[in-house]
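Listed below, chain by chain, are the residues.
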Amino acid sequence: MVFKRLLGAFGVGGPSVETVLHGGHGRPGGHLPGEVTIQGGDHDVHVQQVVLSLVTHVEYEHGDHEGTAGVEFYRGAIAGGFHLGAGQYHTIPFQMPLPWELPLTEVHGRHLHGMAMGVRTELEISGAMDSGDLDPVSIGPLPSQQRVLDAFAALGFQFKSADVEQGHIAGVHQEPPFYQEIEFYAPPQYGGQINEVELTFVASPHGLAVVLEADRRGNIFAEGDDVFGRFHVSHDEALHMAWEQELENWLRAVAGHLHGGHGGYGHGGYAPVAHHDAHHGHHESHGHGGPGWGGVAAGAAGGLAAGFVAGAVVNELLDDDDDDEDGGDDAFAESMLEAQQQAVQDAYQQAAYEAAYEQAYEDAYEEAVETFDDED
């Protein structure tokens, strides 16, 4: 990137700034190295501070309005309180800390279609702030996240797109006012039961929450609905879990509910049951089929900076409330569905059932881990 003269707040003859990201790649919870070089303008100035921020593209809903905006979600000063003479150069190396709940923009070096993120540099002089261009940054997955993504690929999921949505996930501790959804077409063997599965990571220094949302097809007894699952594991556990089996069990449980099945618990004791409270936003599906990880780069080149809306920051947080609307005119079908769901809930609440199931699940899980380790 070349020097960008800051004209908005400082006027003609003000300083110029150039930000260089060393590599331009990072991971959640890591650091992004680089340096900022400031060139003095036509007159001496006192730079009060130099600030770096992270901006990403976020979809939002506000009342009847929806759209996208560039949202700043990290901000930190890297220097300040120095004199900059006319025409003088001043270079500031930095190690920018990256939040743990950072959205991913690439997998296996391939850009995730729908994602955009950049670093913005701002200077404060005489109480006025001015900013330079956005410098694109790529964020790859943690090893624990990569393990889950590889399991998705192994099971035959096909990547569709990714986005960042405003709101909070129910039941998960979340810091940013948004969450990322990585959307997949379901494996072919579930094509008649599940349309898509959305994957959300919520990472922290201590572990990883893996949140799943399945768009389940309807049947003669009920309309389609969304079914959620959650796994809470440490990063080390995530590396050694038999995710292929965990995900397969969850998919079967989700599909099993269509036929009155009880399904099963995810790791940590969460059952894959339908929810209609505040959670993920929902989007219509367009088209069918999709590339695997080898083709996720489509539509990414050259458009990062254009994807942001300058200065637009969404401040209000929305929790999406999905009304539970009973569909269909068949009263018998409705009562059958209610009885089925109540029976499932009653079964989950019985302590004897839970104890027996959890013991069986632990035995199966330990066997799966041993098999996975042997394969390694």
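Residues numbered from 1 in each chain as written. Predicted model: local features only at pLDDT ≥ 70, side-chain atom pairs only at ≥ 80, totals over all residues. Heavy atoms only, no water.

### Some thoughts on helix H1 (residues 143-154)
Residues separated by three or four positions in an α-helix point in the same direction, a consequence of the helix having 3.6 residues per turn.
Inference 1: For H1, spanning 12 residues, the distance from its first C-alpha to its last is 16 Å, which sits close to the expected 16 Å at 1.5 Å a residue.
Inference 2: Taken together, the buried positions of H1 are occupied by Ser 144, Gln 145, Gln 146, Arg 147, Val 148, Leu 149, Ala 151 and Phe 152.
Inference 3: Phi turns positive, to about 95 degrees, at Gly 156, one or two residues after H1. (Helix = DSSP H or I, 4+ residues; strand = E, 2+ residues; numbered from the N terminus. Expected span 1.5 Å × (residues − 1). Buried < 20%, exposed > 50% of the residue type's maximum accessible area, 1.4 Å probe, protein only.)

### Some points on the environment of Val 58
Inference 1: Checked against the element boundaries, Val 58 lands in strand S5 (residues 45-62).
Inference 2: Each C-alpha atom, one on Val 58 and one on Val 164, is 5.0 Å from the other, the two residues being 106 residues apart in sequence.
Inference 3: When residues no more than four places from it in sequence are discounted, the contact partners of Val 58 are Gly 67, Thr 68, Ala 69, Val 71, Val 164, Glu 165, Gln 166 and Phe 178. (Contact = heavy atoms within 4.5 Å.)

### A look at the side chain of Glu 106
Inference 1: With respect to the helices and strands, the residue Glu 106 is situated in strand S9 (residues 106-107).
Inference 2: Look at Glu 106: it is buried, it has no salt bridge, and the nearest opposite charge is Arg 27 at 7.8 Å.
Inference 3: With residues near it in sequence (within four places) discarded, Glu 106 still touches His 25, His 111, Leu 112, Ser 138, Ile 139, Gly 140 and Pro 141. (Lys, Arg positive; Asp, Glu negative; His and termini not counted. Salt bridge = Lys/Arg side-chain N within 4 Å of Asp/Glu carboxyl O.)

### Quick look at the nonpolar core
Inference 1: Residues Ile 38, Phe 152, Ile 182, Leu 199, Phe 201, Val 210 and Trp 243 are the most contacted members of the largest nonpolar core, which totals 65 residues.
Inference 2: Residues within four places of Ile 182 in sequence aside, it is in contact with Leu 104, Leu 112, Leu 149, Phe 159, Ser 161, Ala 162, Val 197, Glu 198, Leu 199 and Phe 201.
Inference 3: Formed by 6 residues, the second largest nonpolar core is a distinct cluster that contains Val 172, Val 202, Ala 209 and Val 211. (Core = buried A, V, L, I, M, F, W, Y, C linked by side-chain atoms within 4.5 Å.)

### Side note on the pairing of strand S17 (residues 208-216)
Inference 1: With 8 of 9 residues buried, S17 is to be regarded as a mostly interior element.
Inference 2: Bridge analysis of strand S16 (residues 194-203) against S17 gives 9 bridges, and the strand direction is antiparallel. For Phe 201, the partnering residue across the bridge sits in S17 and is Val 210.
Inference 3: From the end of S16 to the start of S17, which pair antiparallel, there are 4 residues. (Pairing = 2+ DSSP bridges.)

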